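Coordinates in review
Here is what each chain is made of, one letter per residue.
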Amino acid sequence: MKAKTLFYCTECGGETPKWQGRCPACGAWNTIVERPAERVVKKSPSASRGSALSVPVKLPKAMAQVETTDELRFSTGMGELDRVLGGGAVRGSLVLVGGAPGIGKSTLMLQICDQLCRFATVLYVSGEESERQIKLRAERLKVKGEGLHLLSETNLDNMLDAVHSLNPDVLIVDSIQTLYHGDVASAPGSISQVKECTMALMQLAKGEGLTVFVIGHVNKEGSIAGPKVLEHMVDCVLYFEGERQMAYRILRAAKNRFGATNEIGVFEMGDDGLAEVPNPSEALLAGRPEGAPGTCVTCVMEGIRPVLAEIQALVVPSSLGNPRRVSNGFDYNRAMLLLAVLEKRGGLMLGGCDAYLNVIGGLSLDEPAADLATVMALASSFRDKPVPADLAAIGEVGLTGELRAVNALGQRLSEVRRLGFTKCLIPKRVQGKLTEPQGLELIRVSNIREALAALL
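Residues numbered from 1 in each chain as written. Predicted model: local features only at pLDDT ≥ 70, side-chain atom pairs only at ≥ 80, totals over all residues. Heavy atoms only, no water.

Turning to the overall build of the protein, a few remarks are in order. A count of helices and strands for the protein gives 12 helices and 23 strands. When its C-alpha atoms are laid out on the principal axes, the protein stretches across 85 × 55 × 50 Å. Evaluated residue by residue, the protein yields a buried proportion of 47% over its 456 residues. Of all intrachain contacts in the protein linking residues separated by at least 6 positions in sequence, the fraction that spans at least 24 positions is 65%. (Helix = DSSP H or I, 4+ residues; strand = E, 2+ residues; numbered from the N terminus. Buried < 20%, exposed > 50% of the residue type's maximum accessible area, 1.4 Å probe, protein only. Contact = heavy atoms within 4.5 Å.)

Here it is in structure tokens:
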């Protein structure tokens, strides 16, 4: 007798009775694969009634009767990680850390063990390395390991037995794609295995008050590998970003039930592991060229932290019928919009030029406050005239070329002045009352034509 099979999407986990070229749930193409259907053991009605009588029924409670207490937070020993988590790790939480291979996920988790072991028992479970490999890496990172227990295991049941026998305070799993549940017939890393293993870890964290850190791989699109429901099950989803060839790494929260999701943490990868960068603005601006056209500095808000970023542009005549446009660290569609506005409203003929944009330091700018600096960098490269080295630009650019106000302008200007800048290009209209920092000259303009005339 032929075994019954089902088809599921590798992106979202949605099941379909037959193969399709496009997933009806998420719309992804060529992601439907086949797997054997899980066998369901039918219980007799009497057995069902008996089990229903033996399991206590949980009744709903009125909201006024639910007791609330503050979350029990503790520091991980790394201030940048605590910032992203919302002030520290929470007892009984499940945290998912994702990132590209070699970006430093395992290094970050092993480094926080040095601080956590001073007041808690930590169990580090790895399905990718042996205990000896983990110890060698810990010695390289100068992790003492007093109170740290290592386990190389891929079987979920064996790992849970070790947890119940040791009763640790913190559990680190590296990685969720290597764990497998014995009752699920599919291979480790599949949709079913990832869902079942994550559900078991969530019940462990919530039921026993255990803080669990789970490392997850990412797919070629940069999202967490496995079903999308995986991100809904955990309390926090952290993404570790950055180019492997560059020293700086950025940790940002995509989901956080215990804090804000717009905070970032900046680290620098060195020979002895990850080092915190408490002042990312100064680090990102180090080595900035002076007197070179095509570069401008802006200030973006990452949570409550203002960060200065350098935007570089290169505009050259194109030898192709369709000019080439490349954007790294800046939204491509936003860059094309600004190029069109600069040509139509600024009077610069960029239609026959190749344009390249780059954000220094591996940052990804996604807020409109960086529009004005991007426009100034493009115009500076096109006219081959440098923007003054002591000037920063902050403002949103509209389709008619007007400049719009941005939020938290006072904090941005304070950070600009603290880093030694003496001039700042801002929109003429601002939100609320603005206090001009001492020693910082504000150049107010209403559109990009005025901005180009004032500087270039």
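Moving on: the packing of helix α3 (residues 105–116) against helix α4 (residues 131–140). It is the contact of α3 with α4, at a shortest axis distance of 10 Å, that shows an interaxial angle of 75°. It follows that α3 is roughly perpendicular to α4 by the angle criterion. Of the residues in α4, those in contact with Ser-106, Thr-107 and Leu-110 of α3 are Ile-134, Arg-137 and Ala-138. Across the contact of α3 with α4, the residue classes break down as 3 nonpolar, 2 polar and 1 charged. (Axes fitted to C-alpha atoms, helices over the stretch in contact; angles between N-to-C directions. Parallel < 35°, antiparallel > 145°, perpendicular 65-115°, else oblique. Nonpolar A, V, L, I, M, F, W, Y, C, P; charged D, E, K, R; others polar.)

Tallied over the full model, the rule gives 2 aromatic pairs. On the basis of an interplanar angle of 70° and a centroid distance of 5.9 Å, the ring pair of Phe-74 and Phe-119 is categorised as edge-to-face. With Phe-74 in strand β4 (residues 73–74) and Phe-119 in the loop between α3 and β7 (122–126), this residue pair connects regions lying 45 residues apart in the sequence. In this structure Phe-119 comes out as partly exposed when scored by relative accessible area, which is 41%. Ring plane angle 75° and centroid distance 5.9 Å describe the contact between Phe-240 and Phe-267, whose orientation is recorded as edge-to-face. (Phe/Tyr/Trp six-rings, centres within 6.5 Å; stacked < 30°, edge-to-face > 60°.)

Moving on, we get to the sheet that holds β7. Ordered by their spatial adjacency, 9 strands build an open sheet running β8-β7-β9-β10-β6-β11-β12-β13-β14, and the pairing between neighbours is mixed. Strands at the two margins of the open sheet, each flanked by one partner only, are β8 (148–152) and β14 (273–276). Averaged over neighbouring strand pairs, the angle between their axes works out to 25° when direction is ignored. Bridging between β7 and strand β9 (residues 170–174) involves 5 bridges; their strand directions are parallel. (Pairing = 2+ DSSP bridges.)

That bond from Asp-174 to Ser-175 is cis: its omega, 5°, falls within 30 degrees of zero. One non-glycine residue with positive phi stands out, namely Lys-142, at about 60°. For Lys-142, the position within the fold is in the loop between α4 and β8. You will see that Ala-408, though not glycine, has its phi angle at about 55°, which is positive. Turning to its location among the elements, Ala-408 is positioned in the loop between β21 (403–404) and α11 (409–418). Judged by its relative accessible area of 29%, Ala-408 falls in the partly exposed class.

What follows concerns the nonpolar core. Core analysis: the largest hydrophobic core is formed by 48 residues, its most contacted members being Phe-330, Leu-342, Leu-363, Leu-365, Met-376 and Leu-425. The dominant element in this core, judged by the number of residues it contributes, is helix α10 (residues 371–383), at 7 residues. (Core = buried A, V, L, I, M, F, W, Y, C linked by side-chain atoms within 4.5 Å.)

Following the criterion strictly, the structure yields 11 salt bridges and no others. Among the salt bridges present, the one from Arg-257 reaches Asp-235, with a minimum N-O distance of 2.8 Å. Of this pair, Arg-257 sits in the loop between β12 (248–256) and β13 (264–270) while Asp-235 sits in the loop between α7 (229–233) and β11 (236–241), and the two are 22 residues apart along the sequence. Given the relative accessible area of 46%, Arg-257 is considered partly exposed. On the basis of relative accessible area, Asp-235 is assigned to the buried category, the value being 2%. Among the ionic pairs, Glu-415 bridges to Arg-418, the shortest N-O distance being 2.9 Å. In this pair, Glu-415 and Arg-418 are both assigned in helix α11, 3 residues apart and thus about one turn of the helix distant. (Salt bridge = Lys/Arg side-chain N within 4 Å of Asp/Glu carboxyl O.)

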